[in-house]
Amino acid sequence: MTPDVLAFFSQHMEALPLYERFAQQVLAETGAVRIKVQKTQIAFANRHNFAFVSFLPVRKAKDRPDHYIVVTIGLGRRLDSPRVDAAVEPYPNRWTHHILISSPEEIDGELMGWVREASSFAAAKR
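Nothing here was measured: the structure is a model prediction, and the numbers come from that model.

Enquirer: Just give me the short version of the packing of aromatic side chains, but keep the residues and values in it.
Expert: Following the criterion strictly, the structure yields seven aromatic pairs and no others. Ring centres 6.3 Å apart and planes at 40 degrees place the aromatic pair Tyr19 and Phe44 in the tilted group. Of the two residues, Tyr19 sits in helix H2 (residues 16-30) while Phe44 sits in strand E2 (residues 41-45), which places them 25 residues apart along the sequence. Residue classification places Phe44 among the buried residues on the basis of a relative accessible area of 0%. Residues Phe22 and Phe44 carry aromatic rings whose centres are separated by 5.5 Å and whose planes lie at 90 degrees to one another, so their mutual orientation is edge-to-face. Residue Phe22 is located in helix H2, and its partner Phe44 is located in strand E2; the two are separated by 22 residues in the primary sequence. There is no split in this pair, since Phe22 and Phe44 are both buried. Three or more aromatic residues link up through ring pairs in this structure, and these residues are Phe8, Phe9, Tyr19, Phe22, Phe44, Phe55 and Tyr68.

Enquirer: Talk me through the nonpolar core; I want residue IDs and the actual numbers.
Expert: One finds Phe9, Phe22, Phe44, Ile69 and Ile73 to be the most contacted residues of the largest nonpolar core, which totals 34 residues. For this core, the secondary-structure elements that each account for two or more residues are helix H1 (3-8), H2, E2, strand E3 (49-54), strand E4 (69-75), strand E6 (94-101) and helix H3 (109-124). When neighbours within four sequence positions are excluded, Ile73 is seen to be in contact with Phe50, Ala51, Leu79, Trp95, Thr96, His97, Ile99, Trp114, Val115 and Ala118.

The rules we used
- Residues take numbers from 1 onward in each chain, read along the sequence in its written order.
- Whole-chain, interface and lining totals are the exception, using all residues; otherwise, since this is a predicted model, local features are given only for residues with pLDDT of at least 70 and side-chain atom pairs are given and counted only at 80 or more.
- Hydrogens and waters are ignored; side-chain quantities use all the structure's heavy atoms.
- Any two rings among Phe, Tyr and Trp, with Trp reduced to its six-membered ring, count as a pair given centres within 6.5 Å; such a pair is stacked if its planes are under 30 degrees apart, edge-to-face if over 60, and tilted if neither.
- In this text, helices come from DSSP runs of H or I with a minimum length of four residues, and strands from runs of E with a minimum of two, each type numbered from the N-terminal end.
- Working definition: with a 1.4 Å probe on protein chains only, accessible area under 20% of the residue-type maximum means buried, over 50% means exposed, and in between means partly exposed.
- Nonpolar cores were defined as sets of buried Ala, Val, Leu, Ile, Met, Phe, Trp, Tyr and Cys residues, with membership established by side-chain atoms within 4.5 Å.
- Only heavy atoms matter for contacts: two residues are in contact if any of them lie within 4.5 Å across the pair.

Quick look at the structure:
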């Protein structure tokens, strides 16, 4: 665990195990990845950024769990899943999806499949 990551989670230490599991899975399943800790998010990149971890308020406060992370991925298609809290198309055929994760069990094959797809999509961008 780097000091940057610990600083990022300083106000959300209960969510750190979720990030650790997610990051471990990303590194295991997507190959060479750069991780960049920023002020409001942690970015995962190959050639381009393909996944992010943040604390975006993608749900109303009353509907958010006490401890969570938001995984954001970019794809060339819109996901049709109840797990997606928000999806926007900032550019034609480029969809940004926000997925709230509140338990380790939610970092599953389906989520990691989307992350692998996002990694491939980012690597193929010009």
